[in-house]
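Letter by letter, the chains look like this.
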Amino acid sequence: MIDVSTCGILPDVPSVYPGYQVPYSEAIHQAAGIPTAAVGLITHRIQAEEICVMVGLIWWR
């Protein structure tokens, strides 16, 4: 598993909003076909669950 964070090293500073690292994590997961984890202002349980549903980790909703 790769824990994905831009660590502020991108040449263009990404917009910072709750879950802003998730798209980077998903892109790496899709391209490399390996498990990834996202960080970046994921602060609430419901938000984390919504992210899991969005990327297909939870399918019973």
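Note on numbering: residues in each chain are counted from 1, in written sequence order. For a predicted model such as this one, the threshold for reporting local features is a pLDDT of at least 70, and the threshold for listing and counting side-chain atom pairs is 80 or more; totals across whole chains, interfaces and linings nevertheless cover every residue. Side-chain numbers here rest on the full set of heavy atoms in the structure, without hydrogens or water.

Novice: Would you mind going over the environment of Ala38 with me for this structure?
Specialist: Tracing the chain through its elements places Ala38 in strand S2 (residues 36-38). Measuring from C-alpha to C-alpha, the distance between Ala38 and Val4 comes to 5.2 Å, with 34 residues separating the pair along the chain. Apart from the residues within four sequence positions on either side, Ala38 is in contact with Asp3, Val4, Gln21, Val22 and Ser25. Helix and strand assignments follow DSSP, with helices taken as H or I runs no shorter than four residues and strands as E runs no shorter than two, numbered in order from the N terminus. Every residue pair with non-hydrogen atoms within 4.5 Å of one another is taken to be in contact.

Novice: Explanation requested: the pattern of salt bridges in the structure shown.
Specialist: Where charged atoms of side chains with opposite charge meet at close range, the side chains can pair. A pairing counts as a salt bridge when a side-chain nitrogen of Lys or Arg comes within 4 Å of a carboxyl oxygen of Asp or Glu. Under the defined criterion, the tally for this structure stands at 1 salt bridge. Of the charged contacts, one joins Arg45 and Glu49 as a salt bridge, the two residues approaching to 3.3 Å between their closest N and O atoms. Of the two residues, Arg45 and Glu49 are both situated in helix H2 (residues 45-54); the distance of 4 residues between them amounts to about one turn of the helix. What makes Arg45 exposed here is its relative accessible area of 62%. Here the term buried applies to any residue with accessible area under 20% of the maximum for its type, exposed to any over 50%, and partly exposed to those in between, with areas from a 1.4 Å probe on protein chains only.

Novice: Please clarify how the confidence of the model for the protein chain should be interpreted in this entry.
Specialist: Low pLDDT marks regions whose predicted coordinates should not be analysed in detail. Per residue, pLDDT measures the predictor's confidence, with a range of 0 to 100. On average, the protein chain scores 82 in pLDDT, and the residues at 70 or more come to 90%. Across the protein chain, the element-wise mean pLDDT spans from 85 in S2 up to 89 in helix H1 (residues 22-32).

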